[in-house]
Amino acid sequence: MILVTGATGNVGRQVIAQLVSSGVPVRALVRDGQQSRLPEGVEAVEGDLSRPGTLKRALVEVETVFLIWPFLATDGASAVLDVVEGHARRVVYLSSSGVNDEAERQSDPINQLHADMERLIEESGPQWTILRANTIASNTRGWAEQIRGAGVVRGPDIAATAVIDPRDIAAVAVRVLVEDGHAGMTYVLTGPQVVSRTEQVHAIGEAIGRPLRFEKVPVELARQQMLADGRPPALVEALLASAETRPHSALITSTVEEVTGTPARTFRDWAFDHADDFR
């Protein structure tokens, strides 16, 4: 039995779907079993990573945990890992490709969080595998309202990266979850092309048959808008810190193909397959 956390998110849902299609027993950790809308054949068990005591029922007979940490700090993570250690023998953690092993401190709060989580997981009892994913293509769904409206995406111009399709992250995760031979490994997962925000917006425009454009806005203006939209201040500051400090990256890995046997999809592939999300 495999337990998937973050089961209703962009990556977790794909992991579950691919495990189910492979005939692997899978259980989803959800906060509300009535609202989870999971694929048929998935056992949903209610629990909350912020309350470690609620996880024990979900971990019964579980061998491996796919862990997505949904918080901006590691508070409570050690207690969660202690509970996991009492049941499971393996943990697969979704981290960030921005983590720099050589740095004493990471470049922004989100990468620092992932670095801290990796350390805690490596120091815990279960075998571990780390999946460091690059920018995830489905993050662009946050632009959908702007695209449906004026057709202009406004925001800080974050440095270009090799954006990765969540289906490819999930495909690697499934292999790691069901196969032996991945213990103690750290895999860096990217798409096949480095793409800027302007190029991402253009690809979505091609997919929906409308001319779209990206308009860079100052960080302070982006902060005001994100706060006005109701985003938590701590999340806003973490996201904007990443926008300001993320260096240009030409990093492209072949890890998706090496692990799964299938090349990583392009961002354009993702945009065309999810065009209805922006119409």
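Our structure's up above, just so we're on the same page.
Procedures and definitions
Residues numbered from 1 in each chain as written. Predicted model: local features only at pLDDT ≥ 70, side-chain atom pairs only at ≥ 80, totals over all residues. Heavy atoms only, no water. Phe/Tyr/Trp six-rings, centres within 6.5 Å; stacked < 30°, edge-to-face > 60°. Buried < 20%, exposed > 50% of the residue type's maximum accessible area, 1.4 Å probe, protein only. Helix = DSSP H or I, 4+ residues; strand = E, 2+ residues; numbered from the N terminus. Pairing = 2+ DSSP bridges. Axes fitted to C-alpha atoms, helices over the stretch in contact; angles between N-to-C directions. Contact = heavy atoms within 4.5 Å. Polar contact = N/O pair within 3.5 Å; in protein donor to acceptor, adjacent residues only side chain to side chain. Core = buried A, V, L, I, M, F, W, Y, C linked by side-chain atoms within 4.5 Å. Left-handed = near helix turned anticlockwise from the far one by under 90°. Expected span 1.5 Å × (residues − 1). Right-handed = clockwise from strand over helix to strand, strands pointing away.

Caption draft 1: Region of the structure containing the packing of aromatic side chains. Per the counting criterion, the structure on display carries three aromatic pairs. Pairing Trp69 with Phe71 gives two aromatic rings, centres 5.0 Å apart and planes at 80°, and the pair type is edge-to-face. Among the residues examined, Trp69 registers a relative accessible area of 5% and is labelled buried. Among the aromatic residues, those joined into a cluster by ring pairs are Phe267, Trp270 and Phe278.

Caption draft 2: Just unusual backbone geometry, in detail. One non-glycine residue, Glu61, lies in positive phi territory at about 65°. Structurally, the position occupied by Glu61 is in the loop between strand 3 (43-46) and strand 4 (64-67).

Caption draft 3: Up close: the sheet that holds strand 8 (residues 186-189). On the basis of which strands lie adjacent, the open sheet formed by seven strands has the order 3-2-1-4-5-6-8 and parallel pairing. In this open sheet, the two edge strands, each paired with only one partner strand, are strand 3 and strand 8. Sheet twist, expressed as the mean angle between neighbouring strand axes with direction ignored, is 20°. Across seven bridges, the pairing between strand 5 (residues 90-96) and strand 6 (residues 127-133) is parallel. Residue Ser96 lies in a different strand from strand 6, and its bridge partner there is Ala133. Contacts from helix 3 (residues 109-123) reach strand 4, strand 5 and strand 6, with the element oriented near 165° to strand 5. Strands strand 1 (2-4), strand 4, strand 5, strand 6 and strand 8 of the sheet are contacted by helix 5 (residues 166-178), whose axis makes an angle of about 160° with strand 5.

Caption draft 4: Quick look at the side chain of Arg27. You can see Arg27 is positioned in strand 2 (residues 26-30). A polar contact is formed between the side chain of Arg27 and the side chain of Glu43, at a distance of 3.1 Å. In this structure the side chain of Arg27 is engaged in a polar contact, spanning 2.7 Å, whose partner is the backbone oxygen of Val60. If near-sequence neighbours (up to four positions away) are discounted, Arg27 is found in contact with Met1, Ile2, Leu3, Val4, Glu43, Val45, Arg57, Ala58, Leu59, Val60 and Val62.

Caption draft 5: Quick peek at the nonpolar core. Counting residues in each nonpolar core, the largest one holds 32 residues, and the members touching the most others are Val4, Val15, Phe66 and Leu131. Secondary structure elements with two or more residues in this core: strand 1, helix 1 (10-21), strand 2, strand 5, strand 6, helix 5, strand 8 and helix 9 (255-260). Top contributing element to this core by residue count: helix 5, with seven residues. Leave out the neighbours within four places in its chain, and Phe66 touches Leu3, Val4, Thr5, Val11, Val15, Val92, Leu94, Leu131, Ala173 and Leu177. Membership of the second largest hydrophobic core comes to 25 residues, among which are Leu55, Trp69, Leu81 and Leu113.

Caption draft 6: Molecular detail of the packing of helix 2 (residues 77-85) against helix 3. Running from N to C, helix 2 and helix 3 point in directions that differ by 35°, and their axes come no closer than 10 Å. Seen along the crossing, helix 2 lies across helix 3 with a hand that is right-handed. Across the interface between the two elements, Ala77, Ser78 and Leu81 from helix 2 touch Met117, Leu120 and Ile121 from helix 3.

Caption draft 7: Representation of helix 6 (residues 197-208). Across its twelve residues, helix 6 extends 17 Å between first and last C-alpha, which sits within 8% of the 16 Å expected from 1.5 Å per residue. Looking at the packing, one finds that the buried side of helix 6 touches helix 4 (144-148), strand 7 (152-155), strand 9 (213-216) and helix 10 (267-273). Of the residues flanking the end of helix 6, it is Gly209, one or two places downstream, whose phi is positive at about 75°.

Caption draft 8: Here's a closer look at the environment of Arg167. Among the secondary structure elements, Arg167 is positioned in helix 5. When neighbours within four sequence positions are excluded, Arg167 is seen to be in contact with Gln14, Gln18, Arg265, Asp269, Trp270, Asp273 and His274.

Caption draft 9: Focus on the pairing of strand 6. A large share of strand 6 lies buried, amounting to six of its seven residues. With helix 3 bridging strand 5 and its parallel neighbour strand 6, the resulting β-α-β unit is right-handed. Two elements, strand 6 and strand 8, share four bridges in a ladder whose sense is parallel. Residue pairing for strand 8: Ala133 is matched across the bridge by Leu189.

Caption draft 10: Main features of helix 3. Across its 15 residues, helix 3 extends 21 Å between first and last C-alpha, which sits within 8% of the 21 Å expected from 1.5 Å per residue. Every buried residue of helix 3 is listed here: Asn111, Gln112, Leu113, His114, Ala115, Met117, Glu118, Leu120 and Ile121. A distance of 3.0 Å separates the backbone nitrogen of Ile110 from a side-chain oxygen at the start of helix 3, and that oxygen is part of Asp108.

Caption draft 11: Broad picture of the environment of Glu104. As for its placement among the helices and strands, Glu104 is situated in the loop between strand 5 and helix 3. In this structure, the C-alpha to C-alpha distance between Glu104 and Ser78, residues 26 residues apart in sequence, is 21 Å.

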